[in-house]
Amino acid sequence: MNPLYKQNILATLSLFTSFGTLLCCALPALLVTLGLGAVMAGLVSTAPWITALSAYKPVVFAVAGVLLLGSAIMQWKARHAPCPADPVKAKACMRLRKISTAILAISFVIYGIGFFFAFLAADLLL
């Protein structure tokens, strides 16, 4: 398998785990902070797994952080990797690098938002 595809897969996995941090921890904290407790109650009744996931908040953030770190390391190592000589494949290679970088950046932003609401917002806002 091409290293660029591996890099893109890991970046995509880190994006999904970052969304997991938002769902388990940031979204409930945000809704309660904004005074939308009834919306939170409806969300929990519709998707009860959110509260179960919230019980394992440190594990969810640790796994997401490890995946983000692994993705960033792979991207850093592949930053100067050669692309194929074929112009069409070279263009696809460069497009994959840009997509992977964008996914990784979005993942870090989502992870940061989730971390803030899960661990810091209660102490700072209350």
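The text that follows walks through the structure, step by step, so that each part is easy to find. (Residues numbered from 1 in each chain as written. Predicted model: local features only at pLDDT ≥ 70, side-chain atom pairs only at ≥ 80, totals over all residues. Heavy atoms only, no water.)

As for the nonpolar core
Alright, step 1. Counting residues in hydrophobic clusters, the biggest one holds nine residues: Cys24, Cys25, Val60, Phe61, Ala64, Leu68, Leu104, Tyr111 and Ala118.
Alright, step 2. Contributing elements (two or more residues each) for this core: α1 (3-33), α4 (57-77) and α5 (87-125).
Alright, step 3. For this core, the element with the highest residue contribution is α4, accounting for four residues.
Alright, step 4. The residues touching Leu104, leaving out its near neighbours within four places in the chain, are Ser14, Leu68, Ser71, Ala72 and Gln75. (Core = buried A, V, L, I, M, F, W, Y, C linked by side-chain atoms within 4.5 Å. Buried < 20%, exposed > 50% of the residue type's maximum accessible area, 1.4 Å probe, protein only. Helix = DSSP H or I, 4+ residues; strand = E, 2+ residues; numbered from the N terminus. Contact = heavy atoms within 4.5 Å.)

As for the packing of aromatic side chains
Alright, step 1. Within this structure, the stated rule accounts for five aromatic pairs.
Alright, step 2. Here Phe61 and Phe119 contribute two aromatic rings whose centre-to-centre distance is 5.1 Å and whose plane-to-plane angle is 70 degrees, an arrangement assigned as edge-to-face. Here the residue Phe61 occupies a position in helix α4, and Phe119 occupies one in helix α5, the gap between them amounting to 58 residues.
Alright, step 3. For Phe61, a relative accessible area of 3% corresponds to the buried category.
Alright, step 4. Under the relative-accessibility criterion, Phe119 is labelled partly exposed at 29%.
Alright, step 5. Through a chain of ring-to-ring contacts, three or more aromatic side chains come together here, namely Phe61, Tyr111, Phe115 and Phe119.
Alright, step 6. Stacked on the ring of Phe119, the Lys or Arg Lys57 has its end atom at 5.1 Å from the ring centre. (Phe/Tyr/Trp six-rings, centres within 6.5 Å; stacked < 30°, edge-to-face > 60°. Lys NZ or Arg CZ within 6 Å of the ring centre and 35° of its normal.)

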